[in-house]
Every structure is written in C-alpha cells, then in structure tokens.
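So you can see what is in the structure, the chains are spelled out below.
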Amino acid sequence: MSLTEPVPLNPAQQQVLDELGSTDRPSFRDDLRDHLRHELVQSLNPIAEVVEDPPLFVSKRKLSMVHGCEARYKADQLADFEWSIPIARGTVAHKAIEILVARRGNATALDLANDAMSRLELDERELGEFIRALDEGERAELVGMVNDYVATFIDTFPPLRRQWIPVAESRARAELCNDRIALSGMVDLSLGRARGNEAGKVLIDLKTGRPNPTHIDDLRFYALLETLKIGTPPRLLVSYYLDAGDPRTEKVTEDLLWSTAKRTVDAVAKMVEIDQERREPTKSPSGACRFCPIQTECDEGIQYLDREDD
C-alpha cells in the first residue's frame, strides 16, 4: 500500500460511516422555529414571572436530574462542586478531540492528550487551577485516562473529513421570556449542515460506559436548541458508546421536537418549585443514587442500593 492510498476502515469505523452517512434528508416547514419558540414562551411566561435572580439557567444536566430524582437535583444544587481526576477526564478528553478536529496533519492520542492538558492548564478558571496543582503522578494518571479515551475514538470512529464540516463542542443557546430563562447546551461533535429547510446535520454525543435512557433525552434537548438557533432541525441524533464502538441513532421528527419542548417546560416548572421550596422534592431511587450527594442520608436510596448489591 502506498503512503498516499487511503487507509481502509476497520469494521467499527465502517459501521459508523454506514449509519451516519444516510442520504435521507427530511425537509421541515420554514415556520417551525417560530412556532416552537412561541409555544415555549407562552408556556414559560407564568413561570418566568416568579423566577428569582434571572436568568434561570437550564442545561441537559438539570433537565435529567429534575426528571430523574428531584431530591438529588436539590442536593446537587446545594453541593459544592469539586474537580477530581475522573471528572476532569471528560473535559480534557473533549478538548483533545476538539484539537483533533481542527489540527492539521496526524497526531497520536497521547500528543492530543498532552496538548489539551497544556491548553487547559493556562485557563484561569477552576479546572486550570486543578491541573496546575496536580503532582507528576496525578498528571500522568489523568493524561493516561485521556489518552485511552481519545485512542478509542480514533480506533472506532472514521477519520473526520473536512467536507463533513466537523465541529467539536458545538454550542447553542436560547434566551426566552425577556431573557429570564436561558436554555443552553453543547454537543460533543456535529457533522454536516442544513440546506435551507432540508435537514443535514448529525449531532453526536460521545459516551463511555453503559447506555442510559437519559442519553437520548440529552440529544433531543440539543436538537431543540439547534432548531431554535438556525430554524432547521438536525436530521439524526447519535449516542456513540466508545467502549463498545456502538452508535445508537434516532431520526429527528417534528413530534420529537414538540415532546422535547413539553418535557423542557415541565422541568423548568419543577426547578422553580424546588428552588423556591414551594414543595418537598420527590425521591426516585435508581442506579444514580451511587453518585448522589445525600446518598448516606436517604433511606430510599440506601434500600435501593442494598437491593441492587444483593
């Protein structure tokens, strides 16, 4: 094989290309964004009137938590956030993939991991402080974890071509109700773009570990934000599980966007009720109890985890 000959794809890479490279390009009506925004504003206006210290910031994490276990949502709001090596791994790895998308030439996963660390280390925010405080052993541990994440992405995802218009860490935000409520999200990777009212963009969330129903809810929220941003929805949502080399896909429809808008309104109503202590938050034990700040104080969570362990 010559050096200029394209490197053949392995089976995992070919599967991703086959599933994401469909020629199906659905078209959406050109007033969809206006109707979605109008209905969101009409539904959220009564809630926005009682929002204290606006704007109320709504993210995929808050949506997932308040629809999962309200008690965990409240505890998470009150808990002091602390960086750790496992938590930092995801942020550094996503930075490394962002560099991979924009970088010329070839780079190893280890090069990308070290480059991402060096760039984030210069950040004056808390993550930069955390990285600067690591000793050599801790730094090497974090770089090793990021190297594994990025190497797995390179091994299982087809090489990103410029004509696919790849964008890493793609942000979208919607300011509603006179800027009193802000919906915001950042998808790991997007490919393609819309052509007028014809959908063409693919939104991809990179995941480790096991599939979870909340992952597709995250992507549906991103699809809603994308529609509110440019007017044409994405055509496909992809949860890509790196450990298994497994893409889980869902086509975007108008019904999906309307149901996501309703889910978002319901979540905002719950957030305001809980934040303003209008009622006691409900408890919904699940596997997420293992990561809850009040794990040792919640009888329902303790009993659930005991049953799971048994």
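My aim in this report is to walk through the structure given alongside it, one point at a time. Note that the structure is predicted; figures quoted are calculated from it, not measured.

Things to note about the nonpolar core
Turning to step 1, where the next piece is worked out: Within the largest apolar cluster, 42 residues are counted, with the highest numbers of intra-cluster contacts made by L44, V58, I181 and L183.
Turning to step 2, where the next piece is worked out: When residues of this core are traced back to their parent elements, those giving at least two are α2 (32-48), β1 (56-58), α3 (60-68), β2 (167-176), β3 (181-191), α9 (213-230) and α10 (254-275).
Turning to step 3, where the next piece is worked out: Element by element, the count of residues in this core is highest for α10, at 9 residues.
Turning to step 4, where the next piece is worked out: Not counting chain neighbours up to four residues away, the residues in contact with V58 comprise L63, I181, A182, L183, S184, F221, V268 and M271.

What about unusual backbone geometry?
Turning to step 1, where the next piece is worked out: Cis geometry marks the peptide bond from P54 to P55; its omega dihedral reads 0 degrees.
Turning to step 2, where the next piece is worked out: Considering the arrangement of structural elements, one finds P55 in the loop between α2 and β1.
Turning to step 3, where the next piece is worked out: Despite not being glycine, E169 shows a phi value in the positive range, around 55 degrees.
Turning to step 4, where the next piece is worked out: Secondary-structure assignment places E169 in strand β2.
Turning to step 5, where the next piece is worked out: We classify E169 as buried; its relative accessible area is 17%.
Turning to step 6, where the next piece is worked out: The residue N178 is not glycine, and still its phi comes out positive at about 55 degrees.
Turning to step 7, where the next piece is worked out: Inspection of the secondary structure assignment puts N178 in the loop between β2 and β3.

Rules used throughout
Residues numbered from 1 in each chain as written. Predicted model: local features only at pLDDT ≥ 70, side-chain atom pairs only at ≥ 80, totals over all residues. Heavy atoms only, no water. Core = buried A, V, L, I, M, F, W, Y, C linked by side-chain atoms within 4.5 Å. Buried < 20%, exposed > 50% of the residue type's maximum accessible area, 1.4 Å probe, protein only. Helix = DSSP H or I, 4+ residues; strand = E, 2+ residues; numbered from the N terminus. Contact = heavy atoms within 4.5 Å.

All we've got here are geometric facts, nothing functional implied.
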